[in-house]
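# Architecture and fold: a report
Single-letter residue listing:
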Amino acid sequence: EALPGFRNRVSLAMEGRHHLPVGPGASVGLAYRFYYDDFHIIANTVDLSYYQYIWKERTMIRVRFRYYHQGESSFFDANPSSVRRYRTQDPIHSRFQSFTVGAKIVFLAASAFKDAGFWDHLDVDFSLDYYGRDDGIDGVFGSFGITYYF
């Protein structure tokens with residue numbers, strides 16, 4: 001594998017959310033991202049999310065779907081030869097499509113426990129996502145987070 005030592009990248013993104021009149025705190029989100037670099041990778045990402053507050057607006061649930069498409073790097077070669085100056089077999093530089101489906105739950109302790117000392121500065125979240133690619137690289141990812149406001 002041989003890649004240039006420097007890489008210029010450009011990314012443009014936009015995102016919007018819209019409140020839905022189906023109950024307290026329901027909304028949908030749509031995000032788009034365009035990416036280009038001087039390895040000649042061009043990528044597009046679309047992310048669709050649904051947010052819903054539950055339990056007296058102390059808990060938020062987010063469900064999402066993300067689609068990603070990437071073009072091939074000019075250095076990618078599944079069977080590289082030593083003739084080319086720059087080359088790689090790394091699948092991150094190949095052409096592929098992927099999707100992510102997932103859910104996240106956030107317990108907004110800061111809004112649930114007013115004047116409760118430590119607890120009124122804290123949010124806790126859990127998420128679980130499934131990631132799949134058309135080249136067979138799949139995975140399940142989970143996370144646990146704590147946000148402390150000070």
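Anyway, here's the lowdown on the structure attached to this text. By convention here, each chain's residues receive numbers from 1 onward along its written sequence. Local features are withheld for residues below a pLDDT of 70 in this predicted model, meaning they are given only at 70 or higher, and side-chain atom pairs are given and counted only at 80 or more; totals for whole chains, interfaces and linings count all residues. Each side-chain value is derived from all of the structure's non-hydrogen atoms; neither hydrogens nor water enter the calculation.

### Some points on the overall build of the protein chain
Per the secondary structure count, the protein chain includes 1 helix and 7 strands. For the purposes of this entry, the term helix denotes a DSSP run of H or I that reaches at least four residues, the term strand denotes a run of E that reaches at least two, and both are numbered from the N terminus. Listed by position from the N terminus, the elements making up the protein chain come as β-β-β-β-β-α-β-β. Only C-alpha atoms enter the radius of gyration; for comparison, a globular chain is expected to reach 2.2 Å times N to the power 0.38, where N is the number of residues. In terms of C-alpha radius of gyration, the protein chain reaches 21 Å, well past the compact-globule figure of 15 Å for 150 residues. Dimensions of the protein chain, computed from the C-alpha atoms along their principal axes, are close to 70 × 35 × 25 Å. Among the 150 residues that make up the protein chain, the fraction classed as buried is 32%. Relative to all contacts within the protein chain whose residues are 6 or more apart in sequence, the contacts with residues 24 or more apart total 49%. Of the side-chain charges in the protein chain, 16 are positive and 17 negative, and the distance between the mean point of each set is 2 Å. Note on exposure labels: buried denotes an accessible area under 20% of the residue type's maximum, exposed denotes more than 50%, and partly exposed covers the range between, all computed with a 1.4 Å probe on protein chains only. Whether two residues are in contact is decided by their heavy atoms: any pair within 4.5 Å suffices. A positive count includes Lys and Arg, and a negative count includes Asp and Glu. His and the chain ends are not counted in either. Throughout, a charge is located at the NZ atom of Lys, the CZ atom of Arg, the CG atom of Asp or the CD atom of Glu.

### Some words on the packing of aromatic side chains
Two rings from Phe, Tyr or Trp (for Trp, the six-membered ring) form a pair when their centres sit within 6.5 Å of each other. Planes less than 30 degrees apart are called stacked, planes more than 60 degrees apart edge-to-face, and all others tilted. Using the criterion set out here, one finds 7 aromatic pairs in the structure. Summarising the aromatic geometry, the rings of Phe75 and Tyr86 are spaced 5.4 Å apart at their centres and angled 65 degrees between planes, so their arrangement reads as edge-to-face. One end of the pair, Phe75, is in the loop between strand E4 (59-70) and strand E5 (96-107); the other, Tyr86, is in the loop between E4 and E5, with 11 residues separating them in the sequence. Ring centres of Phe99 and Tyr130 lie 5.8 Å apart, and the angle between their planes is 50 degrees; on these two criteria the pair is classed as tilted. With Phe99 in strand E5 and Tyr130 in strand E6 (residues 122-133), this residue pair connects regions lying 31 residues apart in the sequence. Judged by its relative accessible area of 33%, Phe99 is partly exposed. Looking at Tyr130, the relative accessible area reads 34%, which means it is partly exposed. Taken together, Phe39, Phe75 and Tyr86 form an aromatic cluster joined through their ring pairs.

Spatial relationships are all this shows, so hold off on functional conclusions.
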